[in-house]
Amino acid sequence: LRTEADSLRRELDLVRHASRDGVATLRKKSDEWSRQASRAVATSLAEADHLRVRLAAESAMRLKLLNELQDIRGTVRVYCRPRPATIGPSGGRGILSAPAHDVLVVNAEGASDSSCPPASFRYDRVFPPGAGQNEVFAELEESLISSLDGFNVTLLAFGQRGAGKTHSLVGGDGPRGVPEDGGDAQSPEVGQRHHHGVQMQAIRQLFTIAGHRTDRYRDALSMTIVEVHNEKLVDLVAGTTAGDERGEPIVCETRDGRGRERNGKRGGTEQSSAAGDARGRLEIRTNIDGNTVVQGLRSVPIESFEDAREIWREAVSRRADRVRRRGEDVARHESRSSVITTVSITSVNVATGVGTEGRLQFVDMASSDLSSPAPSGGAGGAGDLVPGEEADGVEFASRSISALNDVVSARCQFDRSVPYRNSTLTHLLRDSLEADTKVLLLCCVSPDEADARHTVGALKFASRMQKVSIGKATKHCSGSKE
């Protein structure tokens, strides 16, 4: 028994040593296996990051090539921005969905009780309903800022009432999108910048870039703001502090040399006479270069973003006061009018003396639903009147939008005769829709089921705009070093 016990003890010691050695070996191997697995995971993550970077670069290159192709073709770039759905019983069911960054689907579920059948639309970009102002501006920035290099750029904001056209352009939560002070308790400027729309952010960026290149370029910017209401032109800058102190009326230059469009400078008493008439009489003219200008419209030099913002604030505030004094509703007036803000940019290279002349134009159009067929089958937007609305104002707004539809249809069909002069708005926008301009359309729509008919109408118009061929935009150069 003692012998067997000693034998078992020796065997147990051998097993214990073997187990200890095996565990130590396994620990060493497990550490090595862990390092190998970590290296494999790190390699996979690095490869995934590399592929992600390549994909982003390829996507950016594809987008750049697409933009260049669109520039060569001269087609209109169309962007769609649905506003967030209305919360509450009045909002109903949302009918819009965006399965891809460039596709918008209407009534994807195909509900039988819906007022519109399922449909899909493809645009250059479809923003999600929760997209912020900075995201929208980042998508449009490259085209808008090219105006600083001598290109003409026009951004049209189109859509029905309450869809967010003015909010997208100007932003803010004040009247007509005027950003109000105190947007952020700790940093008001940061809060205001977050709420600024495309128009305000573009003007800010123009001054930022101009400030960074003062050693190479001399940049001069001026601004005009004109309203089209009831087929009449209203100069919103006239009467403002900056307009009275620094504004110069635009005088159309003719072939016989009488009058000069640039800065409206004329000699002696003729200048004061033209300035006196500018407030009361505005006239759309074609200058010697074939460009459409508004004679008598006041152009104000702007020295900074704050300067431009203050001019805009005072202009829309004075307009709101005039509307209230007439006993009209401001929101109703705004829905029937189109506001065109134009920033003219002149840049001169300090070293060569060669200059460029660009133009950046923002068009906050009248509500598109005013020209939609009435529920009873009528042809005009007057069928959508709410109690207290005047039919004549809706009729004029409907005429402007209908004339724009006619112009777009004629351009899509390559008609030799395009009815630009059928309305004041299309007459003003002739240069933007004819040639030599980068045209962008921001279609703002409502996702609420109650607005389905007007939403589909706006989306169809945006699709037609994609078929309009404007022509390749060119850089406008002037002057040379002698």
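Residues numbered from 1 in each chain as written. Predicted model: local features only at pLDDT ≥ 70, side-chain atom pairs only at ≥ 80, totals over all residues. Heavy atoms only, no water.

A.B. asks: Outline unusual backbone geometry, listing residues and values.
C.D. replies: Phi angles above zero are rare outside glycine, and E231 is one such case at about 65°. Here E231 is to be found in the loop between β7 (217-229) and β8 (232-235). A residue is classified by how much of its surface remains accessible, and E231, at 17% relative accessible area, is buried. Of note, the phi angle at F414 is positive, near 55°, even though the residue is not glycine. (Helix = DSSP H or I, 4+ residues; strand = E, 2+ residues; numbered from the N terminus. Buried < 20%, exposed > 50% of the residue type's maximum accessible area, 1.4 Å probe, protein only.)

A.B. asks: Which residues make up helix α5 (residues 198-212), and what values go with them?
C.D. replies: Spanning 15 residues, α5 covers 21 Å between terminal C-alpha atoms, matching the ideal 21 Å at 1.5 Å per step. By the burial criterion, the buried members of α5 are V198, Q199, M200, Q201, A202, I203, R204, L206, F207 and A210. (Expected span 1.5 Å × (residues − 1).)

A.B. asks: I'd like to hear about the sheet that holds strand β2 (residues 96-100), residue by residue, with values.
C.D. replies: Adjacent strands of a sheet pair through backbone hydrogen bonds, lying either parallel or antiparallel. Pairing within the open sheet is antiparallel, and its three strands lie in the order β2-β3-β4. Both outer strands of the open sheet, β2 and β4 (119-122), are each paired with one neighbouring strand and no more. For this sheet the average axis-to-axis angle between neighbouring strands, irrespective of direction, equals 25°. Examined bridge by bridge, strand β3 (residues 103-106) and β4 share four bridges and lie antiparallel to one another. Considered in β4, the bridge of V105 is made with S120. (Pairing = 2+ DSSP bridges. Axes fitted to C-alpha atoms, helices over the stretch in contact; angles between N-to-C directions.)

A.B. asks: Which residues make up the nonpolar core, and what are the values?
C.D. replies: Core analysis: the biggest nonpolar cluster contains 53 residues, and L441, L459 and M465 have the highest contact counts within it. Apart from the residues lying within four places of it in its own chain, the contact partners of L459 are C80, L104, V106, F121, Y123, C443 and V445. One finds Y79, A131, L144 and F207 within the second-largest nonpolar core, a separate group that totals 43 residues. (Core = buried A, V, L, I, M, F, W, Y, C linked by side-chain atoms within 4.5 Å. Contact = heavy atoms within 4.5 Å.)

A.B. asks: Give a detailed account of the packing of helix α2 (residues 133-145) against α5, specifying residues and quantitative values.
C.D. replies: Running from N to C, α2 and α5 cross one another at 55°; their axes reach a closest spacing of 10 Å. Judged by the angle between their axes, α2 and α5 are oblique. The element α2 and its partner α5 pack so that their crossing is right-handed. Within the contact between the two elements, α2 uses Q133, N134, V136, F137, L140, E141, L144 and I145 and α5 uses V198, Q201, A202, Q205, L206 and I209. Split by residue class, the contact of α2 with α5 holds nine nonpolar, four polar and one charged. (Parallel < 35°, antiparallel > 145°, perpendicular 65-115°, else oblique. Left-handed = near helix turned anticlockwise from the far one by under 90°. Nonpolar A, V, L, I, M, F, W, Y, C, P; charged D, E, K, R; others polar.)

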